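Residues per chain, in single letters:
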Amino acid sequence: MTPLPVAELHVHVEGTLEADLLVALARRNDVALPTYDAAALTERYRHFTNLQSFLDVYYANLAVLREPTDFYDLMAAYLRRAEAAGVRRAEVFFDPQTHLNNGIGFEAVIEGFAAAVADAPISADLILCFLRDLGPEAAEETLRAALKFREHFIGVGLDSAEVGHPPRMFKRVYEIASGEGLRKVAHAGEEAGPDYVWEALDVLGVERIDHGVRSLADPELVARLRADRVPLTVCPLSNLCLKGVGSLAEHPLKAMLDAGLLVTVNSDDPAYFGGHVDDNFAAVRAALALTDEDVRQLALNSFEASFASREDKDRWRAEALAARIS
Ligand SMILES: Nc1ncnc2[nH]cnc12
Ligand SMILES: [Zn+2]
């Protein structure tokens, strides 16, 4: 079966670290894990209770990444799997602060990731994310260090623990990023309410909202998102695993589509949440009884929302229009 052509706009490369690779890297770099049994490690992923319970495991696992080749191998494995999922274009988040705090140099991280992107079988670019719980000064310091490698990333994002770390705290670092010609996105409305989405739009000036699933609670916000065609990068299996929704049947994706929002489907952290972008499409199609035209619209939205060139977007759009939805 030929997979639907899509763009993946919300995936954390660190969240693509499959248990097998985690164990292999732990052995290669002599890093201790609670267990070396990949099945036992993934079993723990079935018991997250919220975003923080996931982040605790996600950050701890990243201690296995030590050498430039580790960063290369992680990114290369994701890009191979993405190609098989039908991804034509990937805009991939990375969290440099985690690795810097583990004692790894910026160069090892970004050059490892960028080398894999350069060798990618699909179109891909990097987006540097700030960890919001480490605060705005650390974010600014990270951006200044990253600017030495400016050619290796196209934009900035904001991730990690959301509640209590509102977008407005990061106004200055986003202004600096804007001045450098970087694209701007931010996680908002994943666990926090519509006020965080408003701030991301009006204070940070972001071009896309990552998640944004809590936006439907505010009709004025919905009207704004629709009028400005602001893309929302929704991650259904992530919302299910982190208990943002009780079941996929209750997921707001279909309501967002029906409200005329520019929603896309993405995987977030596929190694932890039970699947890549193709698995997310299959899951929501079944749970929300999406029509073939809903599915095609989601694919078209993903290309429209991407930061690729007009020419590439038009080519992929034509492919999605011609694709058989199977
Ligand atoms: N879903 C998510 N929300 C916030 N930060 C993250 N970092 C990795 N995945 C994340
Ligand atoms: Zn995310």
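Residues numbered from 1 in each chain as written. Chains lettered and ligands numbered in written order. Predicted model: local features only at pLDDT ≥ 70, side-chain atom pairs only at ≥ 80, totals over all residues. Heavy atoms only, no water.

In this section: the coordination of the zinc ion (ligand 2). Distances from the zinc ion (ligand 2) to its protein donors, His10 (NE2), His12 (NE2), His187 (NE2) and Asp268 (OD), fall within 2.1 to 2.2 Å. Using a relative accessible area of 4% as the deciding quantity, one classes His187 as buried. (Donors = N, O, S within 2.8 Å, 3.2 Å for Na, K, Ca; no water. Buried < 20%, exposed > 50% of the residue type's maximum accessible area, 1.4 Å probe, protein only.)

A few words now on the UniProt feature "site: Important for catalytic activity" (unreviewed entry) in the protein. Sites flagged by UniProt as "site: Important for catalytic activity" (unreviewed entry) map to His211. Looking at the element boundaries, His211 is found in strand β6 (residues 208-211). If we skip the residues at most four places from it in the chain, His211 touches His10, His187, Ala188, Gly189, Glu190, Leu232, Thr233, Val234, Cys235, Ser238, Asn239 and Asp268. (UniProt positions renumbered as here; feature names shortened; annotations may be inferred. Helix = DSSP H or I, 4+ residues; strand = E, 2+ residues; numbered from the N terminus. Contact = heavy atoms within 4.5 Å.)

Close to ligand 1 lie His12, Leu51, Phe54, Leu55, Tyr58, Asp159, Ser160, His187, Glu190, His211, Asp268 and Asp269, which account for all nearby residues. The contact in question runs from a nitrogen atom of ligand 1 to an N or O atom on the side chain of His12, over 3.4 Å. In the environment of ligand 1, a nitrogen atom lies 2.8 Å from a nitrogen or oxygen atom belonging to the backbone of Ser160. A total of 260 Å² of accessible area belongs to ligand 1 in isolation, and the protein chains cover 100% of it. With 4 residues, the single largest contributor to the shell around ligand 1 is helix α3 (residues 51-61). (Near = heavy atom within 4 Å. Polar contact = N/O pair within 3.5 Å; in protein donor to acceptor, adjacent residues only side chain to side chain. Areas by Shrake-Rupley, 256 points an atom, 1.4 Å probe, with all protein chains shown as cover.)

What follows is about the UniProt feature "binding site: substrate" (unreviewed entry) in the protein. Feature annotation in UniProt assigns "binding site: substrate" (unreviewed entry) to the following positions: Asp269. Tracing the sequence through the fold places Asp269 in the loop between β8 (262-265) and α13 (270-273). On the basis of relative accessible area, Asp269 is assigned to the buried category, the value being 2%. Setting aside residues no more than four positions away along its own chain, Asp269 makes contact with His12, Gly15, Phe54 and Tyr58.

For the pair helix α7 (residues 135-146) and helix α8 (residues 171-179), the least separation of the axes is 9 Å and the interaxial angle reads 15 degrees. As summarised for this structure, α7 and α8 are arranged roughly parallel, according to the angle between their axes. Of the two elements, α7 crosses α8, and the hand of that crossing is left-handed. For the pair α7 and α8, the contacting residues are Ala139, Glu140, Leu143 and Arg144 in the first and Arg172, Val173, Ile176 and Ala177 in the second. Residue composition of the contact of α7 with α8, grouped by class: 5 nonpolar, no polar and 3 charged. (Axes fitted to C-alpha atoms, helices over the stretch in contact; angles between N-to-C directions. Parallel < 35°, antiparallel > 145°, perpendicular 65-115°, else oblique. Left-handed = near helix turned anticlockwise from the far one by under 90°. Nonpolar A, V, L, I, M, F, W, Y, C, P; charged D, E, K, R; others polar.)

This part is about the sheet that holds β6. To summarise the sheet geometry, strands pair through backbone hydrogen bonds and adopt either a parallel or an antiparallel arrangement. Spatially, β1-β2-β3-β4-β5-β6-β7-β8 is the arrangement adopted by the 8 strands of the open sheet, whose pairing is parallel. With partners counted over all chains shown, the strands left at the sheet margins are β1 (6-12) and β8, one partner each. Taking the axes of each pair of neighbouring strands and ignoring which way they run, one obtains an average angle of 25 degrees across the sheet. Inspection of the sheet shows strand β4 (residues 155-159) paired to strand β5 (residues 183-188) by 2 bridges, in the parallel sense. In the strand pairing of β5, Val156 is matched with Lys184. (Pairing = 2+ DSSP bridges.)

Here we come to the packing of helix α15 (residues 292-304) against helix α16 (residues 310-322). Where α15 contacts α16, the axes come no closer than 9 Å and their chain directions differ by 175 degrees. Taken as axis vectors, α15 and α16 run roughly antiparallel relative to one another. Residue-level contacts link Arg296, Ala299, Leu300, Phe303 and Glu304 of α15 to Lys313, Trp316, Arg317, Ala320, Leu321 and Ala322 of α16. Of the residues belonging to the contact of α15 with α16, the class tally is 7 nonpolar, no polar and 4 charged.

Moving on to the pairing of β8. Side chains of β8 alternate between two faces, with Leu262 and Thr264 and Val263 and Val265 buried alike. As defined by bridge partners, strand β7 (residues 231-234) adjoins β8 across 4 bridges and the pair is classed as parallel. When the sheet's bridge partners are listed, Pro231 is paired in β8 with Leu262.

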